[in-house]
Amino acid sequence: MKHTLSVLAEDEAGVLTRIAGLFARRGFNIESLAVGPAEQMGISRITMVVPGDDQIIEQLTKQLYKLINVLKVQDITQTPCVERELMLVKVNASASNRAEVIELTQVFRARIVDIAEDTLTIEVVGDPGKLVALIQMLNKFGIREIARTGKIALTRESGVNTEYLKSLEAKM
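This text gives an overview of the structure that appears in the document.

1. As for helix α3 (residues 98-107)
Next, step 1: Buried within α3 are the following residues: R98, V101, L104 and T105. Each buried residue of α3 sits inside an arc of 125 degrees when the element is viewed along its axis, so together they form one side. Residues of α3 that are exposed and point more than 90 degrees away from the buried face comprise A99, E103, Q106 and V107.
Next, step 2: The inward-facing, buried residues of α3 contact β5 (81-92), β6 (111-115), β7 (119-126) and α4 (128-138).
Next, step 3: Looking one or two residues past α3, R109 carries a phi angle of roughly 50 degrees, positive in sign.

Here is the structure:
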């Protein structure tokens, strides 16, 4: 199972290296990593997607807390969250299929950020599932390049679980 960890750490040189080293020494892969300033000056929020069972994640959390600069670690996998990711994708778009690519872009509420003679570059923001779905739809045109930021997430103060809401919407 993939777990999403939200880590608050002091914004100092080498902190990310020590965190990545902790995972590497234990043979764990970080599938997604996003780092940026948090709400308090001098603190960074690190959002990681890590494969592993609950026991492994619990052990990694304990190990993270042992690092001096780590202030808080949360496994937010089962917590209602707002999750987003940014992706840029360059796709083949000849005169014969350009209209279809543009229409698909609109369906996914994405934006075209560059137009060339035979390609379009598309920017899309959304939950990781949305990005995967767009990639699947664009594959038939030929994807030339993809750049993704990695998942970022914040817990929902409202406590509303969007997965639950999606399941209700699907039943209607």
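Okay, back to it.
2. A closer look at the side chain of T4
Next, step 1: Take T4: it is sitting in strand β1 (residues 2-10).
Next, step 2: Apart from the residues lying within four places of it in its own chain, the contact partners of T4 are T47, M48, V49, Q74, D75, I76, T77, E83 and K151.

3. Considering the side chain of S32
Next, step 1: Position of S32 among the secondary structure elements: in strand β2 (residues 32-37).
Next, step 2: The exposure class of S32 is buried, given its relative accessible area of 13%.
Next, step 3: Not counting the four nearest positions on each side in its chain, S32 is found in contact with T47, M48, V49, G150 and K151.

4. Notes on the pairing of strand β3 (residues 43-51)
Next, step 1: Counting buried positions over the nine residues of β3 gives eight, a clear majority of the element.
Next, step 2: Two elements, β1 and β3, share nine bridges in a ladder whose sense is antiparallel. For T4, the partnering residue across the bridge sits in β3 and is V49.
Next, step 3: When β2 meets β3, the two strands line up antiparallel, connected through six bridges. Paired with A34 across the two strands is T47, which belongs to β3.
Next, step 4: The hairpin turn running from β2 into β3, its antiparallel successor, is five residues long, and G42 in that turn takes a positive phi close to 85 degrees.

5. Some thoughts on the pairing of β1
Next, step 1: When you tally the buried positions in β1, you get seven out of nine residues, the bulk of the element.
Next, step 2: In this structure, β1 lies alongside strand β4 (residues 70-75), joined through five bridges in antiparallel fashion. Opposite L8, over in β4, you have K72 as the bridge partner.

About the criteria used
- Residues numbered from 1 in each chain as written.
- Predicted model: local features only at pLDDT ≥ 70, side-chain atom pairs only at ≥ 80, totals over all residues.
- Heavy atoms only, no water.
- Buried < 20%, exposed > 50% of the residue type's maximum accessible area, 1.4 Å probe, protein only.
- Helix = DSSP H or I, 4+ residues; strand = E, 2+ residues; numbered from the N terminus.
- Arc of directions from axis to C-beta.
- Contact = heavy atoms within 4.5 Å.
- Pairing = 2+ DSSP bridges.

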